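Architecture at a glance
Now for the letters of each chain:
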Amino acid sequence: MAVKTLTIDGRPITAEEGATVLQAATEAGIKIPTLCHLEGVYDVGACRLCIVEITGTTKLLPACTTKVSEGMEVQTQTERLRNYRRMILELLFAERNHVCAVCVSNGHCELQTLAYSQGMEHIRYDYTFPKWNVDTTHRLFGMDHNRCVLCTRCVRACWHIEGAGTKNIAGRGATSKIITDLNQPWGDSDSCTECGKCVMACPTGALFQKGSTVGEMVHDRDKLEFIVTAREKKQWVAAD
Amino acid sequence: MQLDELKAIAEKHRSSRKKIIVRTCMSAGCMSSQADIIKKNLEAEAKAQGLEADVEVRRVGCMGFCGQGPLVGWDNSGEHGLWEFVKPEDAASIIAALKGGECKVQRGDPKHPFFAKQMHIVRANGGIIDPERIEDYIAIGGYTALHHSLTELQPAQVVEEVTKSGLRGRGGAGFPSGLKWGTVAKSPGAKKYVVCNGDEGDPGAFMDRSVLESDPHLVLEGMAIAAYAVGADQGYLYVRAEYPLAISRLQIAIKQAKQLGLLGAGIFESPFNFNVDIRIGAGAFVCGEETALMASVEGKRGTPRPRPPFPAESGLWGCPTLINNVETFANISAIINKGGEWYAGIGTEKSKGTKVFALTGKIKNNGLIEVPMGIPLRQIIMEMGGGAPDGRSIKSVQTGGPSGGCIPADYLDTPVDYESLTKLGSIMGSGGMVVMDDTTNMVEIAKFYMEFCMEESCGKCIPCRAGTVQMFNLLEKITQRKATARDLAKLEELCDMVKNTSLCGLGQTAPNPVISTLKFFRKEYAELLQPDPFGP
Ligand SMILES: Cc1cc2nc3c(=O)[nH]c(=O)nc-3n(C[C@H](O)[C@H](O)[C@H](O)COP(=O)(O)O)c2cc1C
Ligand code: SF4
Ligand code: FES
C-alpha cells in the first residue's frame, strides 16, 4: 500500500493511499468535529462540520469524504472554519425542538457535545418550533422526530450493517423525515429485525430504547464498530 | 442503413414535397392555445378550398415567438410569412390568403429584430421540420454528422473537433465540453454511459423543452456521436415528467431511429452500438444536479453526493459517464458537419457559439431566442425584446435562475458571455432571462428565489436545508418591515456560510440572488429596515 505524506495544521503526517483526511487526522490524534460520520458505514459528507481548508483549492472540503494526496496542506481549525461550524450547529438547534433538559440523551448526546466543544454560546437564529411527532409504536424502540438531525446514520446502519433496509428518508428540505418501510408506523414494519442498530447509530435522543428516561439513553457505538470489524477484517476481539 | 440509403430517404422526401407548406407550431406553448385544432381546421380548409394537392399542413416545433402564439408560418416558392395569435376559426381565411385572398389575422414580420438578430444552430430546424417524422430530419441533412463520425473519424478525432469548437456546457456551469469528453474517453472501463440532462428546473426556463419538442433527433444524434467519441453504448435521456410532449416526441424519435438502424446495434453497419432510454424525473429541481440525476437514474433517491469522484470517472453504477445538457448535445451535429473551427469563429474569445435564452417577464416580446455569444444585453432586451411594455422602464434582468443574479439596467451594455455575467455577480446559467421593470421590488425577487431554493433543497446537508429556511425567514421579516440592521447582517453572514459550506451547487448558489440584489439594490433593503430597539 502506497503511503502519502501531507500536513494537517502544520504537522507532517503519513497516511495510506486511499485514506480520507479524517482517517489520517484521527490516526494522528488530531480531532476534527463530525456528526454524520459513523465508523462502520460509508460516508455521505452531509453535515459539513468536518469541512477543512486545503491549500490550492478555494472550496472547503469535508474531511470525511476527501482522500489524502501527496503534499496536501490541510487546515482544520481556522477562525473561519470554527465560525462556520458554530453557525451550522446553531442552525441545527433552531431547526427542530432540541430540549436537552428533558431529553433521554442529555449528557450522552453528540449534538450537545459538539455545541460545547465548538464554543456555541447562544443561538442567533429564531427557533422554528416545527410540529413533529413521536413514534412509539415499536415494541422496543421509539423515534422522536423533534430531536432528529437527519444525519442518516440510522438509515446507513440499517441498510449496510444489518441489511434490513427498514429505515429510509422521505420528503425533502426541512420537511425531510426518517421513515420506516413505506412511511408506516415503526410497529407495523415487516422488515424491521428489532436489532437496534439504528438506535446505537443515532447521535442524539431521536432514537431511543423504550423505558429510558432523562439522560439514560447511552448509544452503544462500539457494538456497531465491533460487528463491522469482525465482518470486514475477520477480527473477533473488540478494540479497546 | 448506409449513406446512400440515407440520401435516398432525404431525396424521396424532398421531391414529394408540396408547393406550399403551412407550418403550425405544435409546441407546448401554442398547443396550450388550441394549436391542434388550428392544424385540423387548416387541413380541412385546404381540402375544402381544393388546395390539397398544393398545400401541406405541417406540424412543426417551436418558432420562438411564443408570446405571439399560436403561430402559423408558410413557405411558398421561396417566400415566407407568419401569422400570429391565430384562432381555430381563422383557418379559412389563412388558406384563402395563400391564393391571394383577404386575411385579417395579424401578420408577423420576419424582419423584426426579434428574428433578424438571431443566429440559429441549435434551433435551426425548430418551426421548420415535423418533429415526429424522422424523414423531415433526414431531409435537411440529419444523421450525416453521425455517419461522418462513424466512418471517417476516430473517436479521438471527434473529441478533438469538439475541443477545437470551444463549446462549453450549456447546463449552467460552462465547463469545456471537449475536456469532459476527453476525460470520459480516457477513463478506464469497459462499460461507459452517456447521459443527457433534460431536467430543466429553473423557473422561467424552457429552452431545453423547446429543443426536445421541436427537434428530438438533433439531440439523439448528438448523444450518439458523443457515445462513439467516449466509447459508450448506452445512453439515458433524463426528462422531467412536466414535459409530456417532449417525452412522447422523444419516444417516437427513438422508435423511428431504431427502425432505420440509426440507433441500436451496428449503426451504419459499423461495429458501433448505441441504445437510448428515457428516464422520467419526478420534478425535483435538485435532480438536475448531475450526481443527483444519476442517483435518480439508478432508481435511488435523487440526492447529490460529494464530488470528486466526478461522473467522468465514476458515474452511473460506478462507470465513467458523460453527462451534458440538452443544448450542449444539440450543438454537436453542426460542429461535426461544419468543423470545430467554424464554431469557434462564432462568439467571443472564451464563449463560443450561440446560446438559447428564454426571454420572459416584463418585456414586450416574450419567447425563445438564439443569439451569438457576446451580444450586448441591451440588444436582446431593447431591440429584440422591445423593452418594457406599458411605457415602463427596465430595472433589471435576472439570468441564471435561482443560482444567478439580477443585473441592473445600468449594465445593459454588458456582453452576454460566461465571464462578463459572472463578473457582475450573475451567471449565464441555462438560459432563463427574466426581465423586471421599475415596478418590481428587488427584495421580493430575492425572497421568491430563496423560497424556491428552500422548497427544492434536498435536505441532505445542513447549511442548505436549514440555512435557506433561516434566510427565507429573514427576508420575510425584512419585507414585512419587522427587521433591523442586525437581521440584515445575519442574512449576509448566512449567505456567505451557505455559499461556502453546502454540498452541492444548489446550496452553494442559493444565496446568489440575495447577494446580487444587495450589491446593486441595497437601498431597497435599507428602506425596509426598522430602528433597532437595542441600539445600532
Ligand atoms: C441544483 C442544480 C440543478 C441543475 N439543473 C440542471 C438542469 O436542469 N439541466 C442541466 O443541463 N444542468 C443542470 N445542472 C448542471 C448539471 O449538474 C451539470 O453540470 C450539467 O448537466 C452538465 O452538462 P453541461 O456540461 O453540458 O452543461 C444543475 C446543477 C445544479 C447544482
Ligand atoms: S446543497 Fe442543498 S440540495 Fe445540495 S446536497 Fe445540500 S441540501 Fe441537498
Ligand atoms: S462528518 Fe463529514 S460531513 Fe458530516
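Residues numbered from 1 in each chain as written. Chains lettered and ligands numbered in written order. Predicted model: local features only at pLDDT ≥ 70, side-chain atom pairs only at ≥ 80, totals over all residues. Heavy atoms only, no water.

To continue, consider the nonpolar core. Counting residues in hydrophobic clusters, the biggest one holds 71 residues, and the most contacted among them are Tyr143, Trp181 and Leu237 of chain B. Residue contributions to this core peak at 11 residues, all from helix H11 (residues 216-230) of chain B. Taken together, domain 2 (141-344) and domain 3 (354-437) of chain B each give at least three residues to this core, which thus spans both. Once residues within four sequence positions are removed from consideration, Leu237 of chain B is found in contact with Cys196, Leu212, Leu220, Met223, Leu250, Val276, Asp277, Ile278 and Arg279 of chain B. Counting 49 residues, the second largest nonpolar core, distinct from the first, contains Cys47 and Ile88 of chain A together with Met450 and Val469 of chain B. (Core = buried A, V, L, I, M, F, W, Y, C linked by side-chain atoms within 4.5 Å. Buried < 20%, exposed > 50% of the residue type's maximum accessible area, 1.4 Å probe, protein only. Helix = DSSP H or I, 4+ residues; strand = E, 2+ residues; numbered from the N terminus. Domains from an automatic or database assignment. Contact = heavy atoms within 4.5 Å.)

Here the structure, examined in full by the defined rule, presents 42 salt bridges over all chains. For Arg124 of chain A, the salt bridge goes to Glu493 of chain B, with nearest N and O atoms at 3.1 Å. With Arg124 of chain A in the loop between helix H3 (110-117) and strand E6 (134-135) and Glu493 of chain B in helix H21 (residues 485-501), this pair bridges two chains. On the basis of relative accessible area, Arg124 of chain A is assigned to the buried category, the value being 16%. The salt bridge involving Lys362 of chain B is made with Asp437 of chain B; its shortest N-O contact spans 3.7 Å. With Lys362 of chain B in the loop between strand E10 (354-361) and strand E11 (367-372) and Asp437 of chain B in strand E14 (residues 432-437), this residue pair connects regions lying 75 residues apart in the sequence. By relative accessible area, which is 3% here, Asp437 of chain B ends up buried. One network of salt bridges, in which partners are shared, links Asp126 of chain A together with Lys477, Asp487 and Lys490 of chain B. (Salt bridge = Lys/Arg side-chain N within 4 Å of Asp/Glu carboxyl O.)

This part takes up the pairing of strand E2 (residues 55-60) of chain B. Residues and elements named next belong to chain B. Within E2, 6 of the 6 residues are buried, leaving the element largely enclosed by the surrounding structure. The alternating pattern of E2 places Val55, Val57 and Arg59 on one face and Glu56, Arg58 and Val60 on the opposite face, and all of these are buried. For strand E1 (residues 20-25) and E2, the ladder comprises 6 bridges, and the chain directions are parallel. Bridge pairing in E2 links Cys25 to Val60. (Pairing = 2+ DSSP bridges.)

For the rest of this paragraph, the subject is helix H1 (residues 3-15) of chain B. All names here are of chain B. The end-to-end C-alpha distance of H1 is 18 Å, a good match for the 18 Å that 13 residues give at a rise of 1.5 Å each. Listing the buried residues of H1 in full gives Leu6, Ala10 and His13. One side of H1 carries all its buried residues, which in axial view fall inside an arc of 70°. Projecting away from the buried face of H1 at angles above 90 degrees are the exposed residues Asp4, Lys7, Lys12 and Ser15. (Expected span 1.5 Å × (residues − 1). Arc of directions from axis to C-beta.)

Another point: the site of ligand 2. Around ligand 2 sit 13 residues, and of these Cys458, Cys461, Cys464, Cys504 and Gly507 of chain B come closest. Classifying every residue of the shell around ligand 2 by side-chain character gives 8 nonpolar, 4 polar and 1 charged. (Near = heavy atom within 4 Å. Nonpolar A, V, L, I, M, F, W, Y, C, P; charged D, E, K, R; others polar.)

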